[in-house]
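Read off the chains here:
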Amino acid sequence: MAEQNILNGGLEVLEQIISDVTEYNDNREALDELNESIKVLSKEVNTAEKNIQSEVTSRVKEGSASINASYDKLVGARKEKLKKAQSKRDRVKMEGVKERITLETADLRAENRELKRQIEKTFAQEKVSLFCNSRLFLALFNSETILDYVIFVACVAIVFCAIPLVIYFSALPDVIIVAYTFVMALIILLLYKKVNSGIMVKHRDLIVRAHEVKNLIKINEIRIEKIRHSIKRDKNEEMYGLESYDEKIKAINDEIIRIESERDAACNEFEQKTKTDIISEIEGRYTGKIEENKNLLASKKEEREVLEQKLTDQKMYISNNYGSYLGREFIDSEDKLFELAEMMQEYSFDTIGQAISEFKELR
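Fair warning: this is a prediction, and the values are worked out from it, not measured in the lab.

Draft legend 1. Molecular detail of the overall build of the protein chain. In terms of regular secondary structure, the protein chain is built from 10 helices and 0 strands. Starting at the N terminus and ending at the C terminus, the protein chain contains elements arranged as α-α-α-α-α-α-α-α-α-α. Here the C-alpha radius of gyration of the protein chain, 58 Å, is well above what a compact globule of 363 residues would show, namely 21 Å. Each principal axis of the C-alpha atoms in the protein chain carries an extent, and together these give about 165 × 75 × 25 Å.

Right, dumping it as structure tokens:
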């Protein structure tokens, strides 16, 4: 047919053309249906594989979390017991430390009590107030240390500087400041003279001895504090009777280690066996259908390749043998080809060319 002018062909030639074009169009529709079927199958396979992965992830995560939660609960309970046991041990040790400090400083504390008693007794016998043995009194009337001088200066500053400034900023008359300063100076001079002549001269030896005794008391207090620190820093705990608590704490720690080891073993068992079983069970429920769809998909893809090649050949054949004579107007429309055939039958045209000429005149 490729070597003849089909426009000179008759009805039988046109029917062959219609048959070839119809077959080509049917194959195109079949290809569209095949592509849609492949698309649906591919989606089903992808969805099933995603479902497998999602279910595997969820089940594995749930299983692992369940194992860890169970062991975490056990470990948490043991740690709470450990905390209580350690707290009780610390309390017992603290009591032991206090008792040891009390015992080892008993002599020094007894000596200090005795020294204080002697001071009180001596002051009472000479009818002198214990205030004369206080830090403030000694700082004001018998300064010796740097701290004594600091206290003395502070008192003077308060009386002759701070209070006058308060009076000044209170917007009171200046005469009040002058009067206050004069009165306070007079009172302090009289007081100082009275104390110096009445106490410091008559009872200086008593005050000096009391001061020396107070220094001894301070020395003892320093020694007591050193003993306290030494005992608290002492790493040796044998004298506190903590063996039973240490054994209990060790037992709890060993139990925690054992539980942690069992958890590791359970997690390894889950990863090595249980996880594999879960995956196998889930995949087993999908594998059959997935393999069936994959096989069907592969078959349809092969069928599509064959059909696509066939369509290519048909298109080339129709284009080369019919298109150049009839034009795309008729090649792309089966309805127009059928109209040509009806016209050839109705008007008894001998050639396709005559039918096309009449077709175009009627249009």
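So, next bit.
Draft legend 2. Looking closely at the pattern of salt bridges. Under the counting rule described, the total for this entry stands at 21 salt bridges. K93 is paired through a salt bridge with E237; the nearest N and O atoms lie 2.7 Å apart. You can see K93 sitting in helix α1 (residues 11-104) and its partner E237 sitting in the loop between α6 (204-233) and α7 (243-326), a full 144 residues away along the chain. When its relative accessible area of 23% is taken as the criterion, K93 is described as partly exposed. Here E281 ties to R285 by a salt bridge, and the two come within 2.7 Å at their closest N and O atoms.

Draft legend 3. Quick look at a negative patch on the surface. A surface patch of negative charge is lined by D26, E29, D32 and E33. Here D26 lies in helix α1.

Draft legend 4. Quick look at helix α2 (residues 106-125). Here α2 spans 28 Å end to end across 20 residues, near enough to the 28 Å set by a 1.5 Å rise per residue. Buried within α2 we find L108, N112, L115, I119 and F123. For α2, the arc enclosing every buried residue in end-on projection is 65°, short of the 170-degree limit, so these residues lie on one face. Of the exposed residues in α2, those oriented more than 90 degrees away from the buried face are D107, R113, A124 and Q125.

Conventions and cut-offs
- Residues numbered from 1 in each chain as written.
- Predicted model: local features only at pLDDT ≥ 70, side-chain atom pairs only at ≥ 80, totals over all residues.
- Heavy atoms only, no water.
- Helix = DSSP H or I, 4+ residues; strand = E, 2+ residues; numbered from the N terminus.
- Rg over C-alpha atoms; globule rule 2.2 N^0.38 Å.
- Salt bridge = Lys/Arg side-chain N within 4 Å of Asp/Glu carboxyl O.
- Buried < 20%, exposed > 50% of the residue type's maximum accessible area, 1.4 Å probe, protein only.
- Patch = residues over 30% accessible without salt bridge, like charges linked within 9 Å, V, L, I, M, F, W, Y side chains within 5 Å.
- Areas by Shrake-Rupley, 256 points an atom, 1.4 Å probe, with all protein chains shown as cover.
- Lys, Arg positive; Asp, Glu negative; His and termini not counted.
- Charge placed at Lys NZ, Arg CZ, Asp CG, Glu CD.
- Expected span 1.5 Å × (residues − 1).
- Arc of directions from axis to C-beta.

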